[in-house]
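Observations on chain architecture
The primary structure of each chain is shown beneath.
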2 protein chains.
Amino acid sequence: MFGREVTTLTDVTERATLKGEQTRELILSTALRLFREQGYGKTTMRAIATEAGVSVGNAYYYYSSKEHLMQAYYDHLQDQHREAVASILATEKAFVPRLTGVLRTWLEVAAPYHEFAGTFFKTAAEPKSPLSPFSDQSRPAREASVEIFRQVVDGSDLKLPADLKAELPELLWLMQMGIVLFWVHDDSPALRRTKSLIDRSVPLVDRLLRLTRLPGVRGVVNDLTALIRTLKT
Amino acid sequence: MFGREVTTLTDVTERATLKGEQTRELILSTALRLFREQGYGKTTMRAIATEAGVSVGNAYYYYSSKEHLMQAYYDHLQDQHREAVASILATEKAFVPRLTGVLRTWLEVAAPYHEFAGTFFKTAAEPKSPLSPFSDQSRPAREASVEIFRQVVDGSDLKLPADLKAELPELLWLMQMGIVLFWVHDDSPALRRTKSLIDRSVPLVDRLLRLTRLPGVRGVVNDLTALIRTLKT
DNA sequence: CGTTCTACTTGAACGTGTTCAAAAGTGAGG
DNA sequence: CCTCACTTTTGAACACGTTCAAGTAGAACG
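Applying the stated rule across the entire model yields 24 salt bridges over all chains. We note a salt bridge from Glu167 of chain A to Lys232 of chain A, for which the minimum N-O separation is 3.3 Å. Of this pair, Glu167 of chain A sits in helix α8 (residues 162–185) while Lys232 of chain A is found in helix α10 (residues 215–232), placing the two residues 65 residues apart along the sequence. Note that Arg207 of chain A and Asp223 of chain B form a salt bridge whose closest N and O atoms lie 2.4 Å from each other. Placement of the pair is Arg207 of chain A in helix α9 (residues 192–211) and Asp223 of chain B in helix α10 (residues 215–232), with the two residues belonging to separate chains. Residue classification places Asp223 of chain B among the partly exposed residues on the basis of a relative accessible area of 35%. It is possible to trace a salt-bridge network through shared partners that takes in Glu167, Glu170, Arg229 and Lys232 of chain A.

Right under this line is the structure:
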């Protein structure tokens, strides 16, 4: 159902029984509902188990920690975003509205979870955590996310030197991380500030990218992409 | 002793008794030692209390949570950085080595704590946490940090338009946040990767700043500073 | 049908951060 | 020296994430 299979303590085999799968999803959906209703911090594992009609231990049989339940939510959100973005990618070809649309769609999809998103980022910030956006374990989710931005770039009217074009999707992903960071801290009504950030920063990015044609700018950009490539390995 | 006074549950009056101050510092120094020796996660409040020869409750009388003990450490680190950086600011006037020196000094000062810095960032990432670098409560520490970068800019040979020069210290602070984020995830020997990031990104920033003289670039920069000013309020 | 193997489920118990009512100290005023 | 109000200190108790030894259920095999 959700994008990434969350690995459990016992490394469940691929062909789990039907009943097991049902229990797994029952626990997950109950957890997500309680997270939404009362926030992550106030939702206890005991409450999730009771509400789902199972024992605490059973919840841990399927999800090795409370954080993994949140991870499952994040995967869920990613999938929703991917779906919601398809129509924009299919129709809108101009770079600025194309990127703006993708970013604002994320905002819409994630809106219901804004309140406890802080908790997610809290655990995601820890380097050792599998939830960290930079960790090995979240690589599939990260690559799926970068892939969206690759489509944004490739399907747009942008004309760019090949090396920059190759790095751009990951840079845009990084930009989105920054926006999410801003979003998490944004408590303005209707997320006005984050929306404003998106609407104003995207044209700026666009203009910056077009500037790379200037000879003086070109050198700096080359060094920048070289630096990024070095650091990635 | 340390930069910021950590507020306690009972909002201790300014003139606390001598004995009280001693207990407070005993608890803090014991905590920091144990954090260093065994990491943040493995250090229990009970262990801190026992090692300091007081009761658990007493530790909570002075520091309202385990995180606040970490906050106290962070203030300590900031002060150390400020001191360590003074000689560079006094002597080195060229922008690139001046900024590089400040950033690398931070790395040196923070090195002993690299291992449990992840935990600090974990809690710092939560928006509601007073430890968040964007929170009101950490404003004094943040401003002190930005102030260092203001000195870096003002005392250097950089020639810049006034509006950009005014925003630059905060941008450099943001840059440092990014470097710290990288550092937290960096497990290369002797922090080679983070050092490389500093040594290569600073000249890049320098070149970028000098590019602002180009007419085409100037407009983008103006919009960028305008955007930042908007978002700050 | 009985046996056995595996997937699943249970809930008591543990460790740790945190709270709090009560005890112990401290010192100024009488 | 006593009293009273204050700060400081105590440690038992609580809540919650997590673990684990023990149990149940159902399928596969003889």
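What follows picks up the thread again.
What follows concerns the protein's contact with DNA strand D. The environment of DNA strand D is formed by 20 residues, the closest being Met45, Arg46, Tyr60 and Lys66 of chain A together with Ser55 of chain B. Taking the atoms of DNA strand D that fall within 4 Å of the protein, sugar and phosphate contribute 56% of them. Contacts to DNA strand D include Arg46 of chain A, whose side-chain N or O atom sits 2.6 Å from a base oxygen. Within the side chain of Tyr60 of chain A, one N or O atom sits 2.9 Å away from a phosphate oxygen of DNA strand D. At the level of secondary structure, the elements contributing two or more residues to the surface near DNA strand D comprise α2 (45–52) and α3 (56–62) of chain A together with α1 (18–38) and α3 (56–62) of chain B. Broken down by element, the surface near DNA strand D gets its largest block of residues, 4 residues, from α3 of chain B. Along the lines of polarity and charge, the residues of the surface near DNA strand D split into 6 nonpolar, 10 polar and 4 charged.

Before going further, it helps to spend a moment on helix α9 (residues 192–211) of chain B. With 20 residues, α9 of chain B should reach 28 Å at 1.5 Å per residue; the first-to-last C-alpha distance of 29 Å fits that figure. The set of residues buried in α9 of chain B consists of Thr194, Leu197, Ile198, Ser201, Val202, Leu204, Val205, Asp206, Leu209 and Leu211 of chain B. Close packing links the buried residues of α9 of chain B with α10 of chain A together with α5 (95–110), α8 (162–185) and α10 of chain B.

There is a patch of nonpolar side chains on the surface, built from Phe134 and Leu174 of chain A together with Leu181 of chain B and spanning about 250 Å² of accessible area. Inspection of the secondary structure assignment puts Leu174 of chain A in helix α8.

Quick look at the relation of the copies chain A and chain B now. When chain A is fitted to chain B, the best match, at an RMSD of 0.1 Å, comes from turning it 180° and sliding it 0.0 Å along the axis. In symmetry terms, the pair is related by a two-fold rotation axis. No C-alpha of chain A approaches the rotation axis more nearly than that of Lys122 of chain A, which lies at 2.5 Å. Taken together, the interface assignments show that 100% of the residues at the interface of chain A recur at the interface of chain B, consistent with an identical surface on both copies.

The subject of this paragraph is the interface of chain A and chain B. Contacts between the two partners involve 37 residues from chain A and, on the opposite side, 37 residues from chain B. Summed over both sides, the interface between chain A and chain B buries roughly 3,100 Å², with carbon and sulfur atoms accounting for 65% of that surface. Of all residues in chain A, Lys122, Val220 and Leu231 of chain A give up the largest surface area on contact with chain B, accounting jointly for 19% of the area buried on that side. Counting the contacts that link chain A with chain B gives 2 salt bridges. Along the contact surface separating chain A from chain B lie 6 residue pairs in polar contact (both at pLDDT 80 or more). Among the elements that line the side of chain A that touches chain B, the one with the most residues is α10 of chain A, at 10 residues. Classifying every residue of the side of chain A that touches chain B gives 18 nonpolar, 10 polar and 9 charged.

All names here are of chain B. Where α5 meets α9, the closest approach of the two axes is 9 Å, and the angle between their N-to-C directions is 150°. Considering their axes alone, α5 and α9 lie roughly antiparallel with respect to each other. For the element pair α5 and α9, the recorded crossing hand is right-handed. Counting all contacts with α5, which are made through Phe95, Val96, Leu99, Thr100, Leu103, Arg104 and Leu107, the residues of α9 involved are Thr194, Lys195, Ile198, Asp199, Val202, Pro203, Val205, Asp206 and Leu209. Residue composition of the contact of α5 with α9, grouped by class: 10 nonpolar, 2 polar and 4 charged.

A few words on the packing of aromatic side chains. Residues and elements named next belong to chain A. Summed over the entire model, instances satisfying the criterion amount to 8 aromatic pairs over all chains. Seen in terms of ring centroids, Tyr73 and Tyr113 are 4.3 Å apart; in terms of plane orientation they differ by 35°. Their pairing is tilted. With Tyr73 in helix α4 (residues 66–91) and Tyr113 in the loop between α5 (95–110) and α6 (114–124), this pair connects stretches of sequence that are 40 residues apart. Accessibility assignment for this pair places Tyr73 and Tyr113 in one class, buried. Their ring planes at 80° and their centres at 5.0 Å tell us that Trp106 and Trp183 sit as a pair that is edge-to-face. Within this pair, whereas Trp106 is found in helix α5, its partner Trp183 is found in helix α8, the two being separated by 77 residues in sequence.

To continue, consider empty space enclosed by the protein. All names here are of chain A. Across all of its chains, the model carries 4 cavities of 30 Å³ or more by this definition. Each pocket or cavity is described by its volume, and for the largest cavity that value is around 230 Å³. Lining the largest cavity we find 23 residues, and of these Tyr74, Phe120, Phe121, Pro133 and Met177 sit closest to its centre. Those elements that place two or more of their residues in the lining of the largest cavity are α4, α5, α6, α7 (139–154) and α8. When the residues that make up the lining of the largest cavity are grouped by side-chain class, the tally is 16 nonpolar, 5 polar and 2 charged.

Each value, and the rule that gives it
Residues numbered from 1 in each chain as written. Chains lettered and ligands numbered in written order. Predicted model: local features only at pLDDT ≥ 70, side-chain atom pairs only at ≥ 80, totals over all residues. Heavy atoms only, no water. Salt bridge = Lys/Arg side-chain N within 4 Å of Asp/Glu carboxyl O. Helix = DSSP H or I, 4+ residues; strand = E, 2+ residues; numbered from the N terminus. Buried < 20%, exposed > 50% of the residue type's maximum accessible area, 1.4 Å probe, protein only. Near = heavy atom within 4 Å. Polar contact = N/O pair within 3.5 Å; in protein donor to acceptor, adjacent residues only side chain to side chain. Nonpolar A, V, L, I, M, F, W, Y, C, P; charged D, E, K, R; others polar. Expected span 1.5 Å × (residues − 1). Contact = heavy atoms within 4.5 Å. Patch = residues over 30% accessible without salt bridge, like charges linked within 9 Å, V, L, I, M, F, W, Y side chains within 5 Å. Areas by Shrake-Rupley, 256 points an atom, 1.4 Å probe, with all protein chains shown as cover. Least-squares fit on C-alpha atoms with pLDDT ≥ 70 in both. Buried area = accessible area lost by both parts, 1.4 Å probe. Axes fitted to C-alpha atoms, helices over the stretch in contact; angles between N-to-C directions. Parallel < 35°, antiparallel > 145°, perpendicular 65-115°, else oblique. Left-handed = near helix turned anticlockwise from the far one by under 90°. Phe/Tyr/Trp six-rings, centres within 6.5 Å; stacked < 30°, edge-to-face > 60°. 1 Å grid on protein atoms, 1.4 Å probe; cavity = no way out; pocket = protein on both sides within 12 Å on 5 of 7 lines; lining within 4 Å. Points joined across faces, edges and corners; volume = space filled by probe spheres on them.

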